[in-house]
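# Report on the structure
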Amino acid sequence: MGPQVPEELWAVNRNRRPPLDRFNALLSYGYGLLHIAVMRAVLASGLEAALGFFHTPRSAAYPLVLDLMELFRVSLWDMVLVGSLNRGQWDPAADFAVSRAKVWLSEGGRKKAIGLFEARLQESWKHPVLNYSLSYARTIELEARLLEKEWAGEPGLFARSRLR
């Protein structure tokens, strides 16, 4: 039997801006890393980040980036986070800076999260529609380019990948 997840790291509810517990601090930080990766792909593909199809402009976050993030939340951070929690990779004391008003990752915690995220980006998987293997990092850019094709009149390939 593997290590038990300490109670301080349990997910009770979702809260953010600022996160009020360790789990939400991890979730928010990972989503921030994902936001950066998706923003790079949107810019590289020449898409306009301010024009989304599900999200509307309501903050500094670009709607199109938030839209594309939805394709990758589970595979690029949620699964990585749950796996790291189950493996006992997080120290509730050392990896977090806790105050009454908020919980942030410590410098060591941020380094650990970045390492986990970057490792996941380098992992390869076989795209079920295109039928070839590529890294998750390349998949983000590919999906942005497929969205551009979708909008340019070549539909059918964008957002077709599925977790199995």
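Okay, so let's go over this structure.

About the thresholds
- In every chain, residue numbers begin from 1 and rise along the written sequence.
- In keeping with the model being predicted, local features are shown solely for residues with a pLDDT of at least 70 and side-chain atom pairs are shown and tallied solely at 80 or more, while totals for entire chains, interfaces and linings include all residues.
- Working from all heavy atoms in the structure, the side-chain values ignore hydrogens and water.
- Lines fitted to C-alpha atoms define the axes here, with helix axes fitted over just the stretch in contact, and angles between the N-to-C directions of these axes take values from 0 to 180 degrees.
- Runs of H or I in DSSP of at least four residues are treated as helices and runs of E of at least two as strands, each being numbered from the N terminus.
- Oblique is the label for any angle not covered by the other classes, which are roughly parallel (under 35 degrees), roughly antiparallel (over 145) and roughly perpendicular (65 to 115).
- In a left-handed crossing the near helix is turned counterclockwise from the far helix by less than a right angle, and in a right-handed crossing that turn is clockwise.
- Residues are treated as being in contact if the distance between any of their heavy atoms lies within 4.5 Å.
- Multiplying 1.5 Å by the residue count of a helix minus one yields the expected span of that helix.
- Relative accessible area decides the class of each residue, using a 1.4 Å probe on protein chains only: under 20% of the type maximum gives buried, over 50% gives exposed, and in between gives partly exposed.
- Directions from the helix axis toward the C-beta atoms define the arc.

This brings us to the packing of helix 3 (residues 73-86) against helix 4 (residues 107-122). Between helix 3 and helix 4, whose axes approach to 10 Å, the crossing angle comes to 125°. Overall, the two elements helix 3 and helix 4 adopt an arrangement that is oblique. Between helix 3 and helix 4 lies a crossing of right-handed hand. Across from Ser75, Leu76, Trp77, Met79, Val80 and Ser84 in helix 3, the residues of helix 4 making contact are Ala113, Leu116, Phe117, Arg120 and Leu121.

Our focus in this paragraph is helix 4. For helix 4, built from 16 residues, the straight-helix expectation of 22 Å at 1.5 Å per residue is met to within 8% by its first-to-last C-alpha distance of 23 Å. Within helix 4, the full set of buried residues consists of Gly109, Ala113, Leu116, Phe117, Arg120 and Leu121. Buried residues in helix 4, looked at end-on, bunch into an arc of 140°, giving them a common side. Opposite its buried face, helix 4 presents the exposed residues Glu107, Lys111 and Gln122, each directed more than 90 degrees away.

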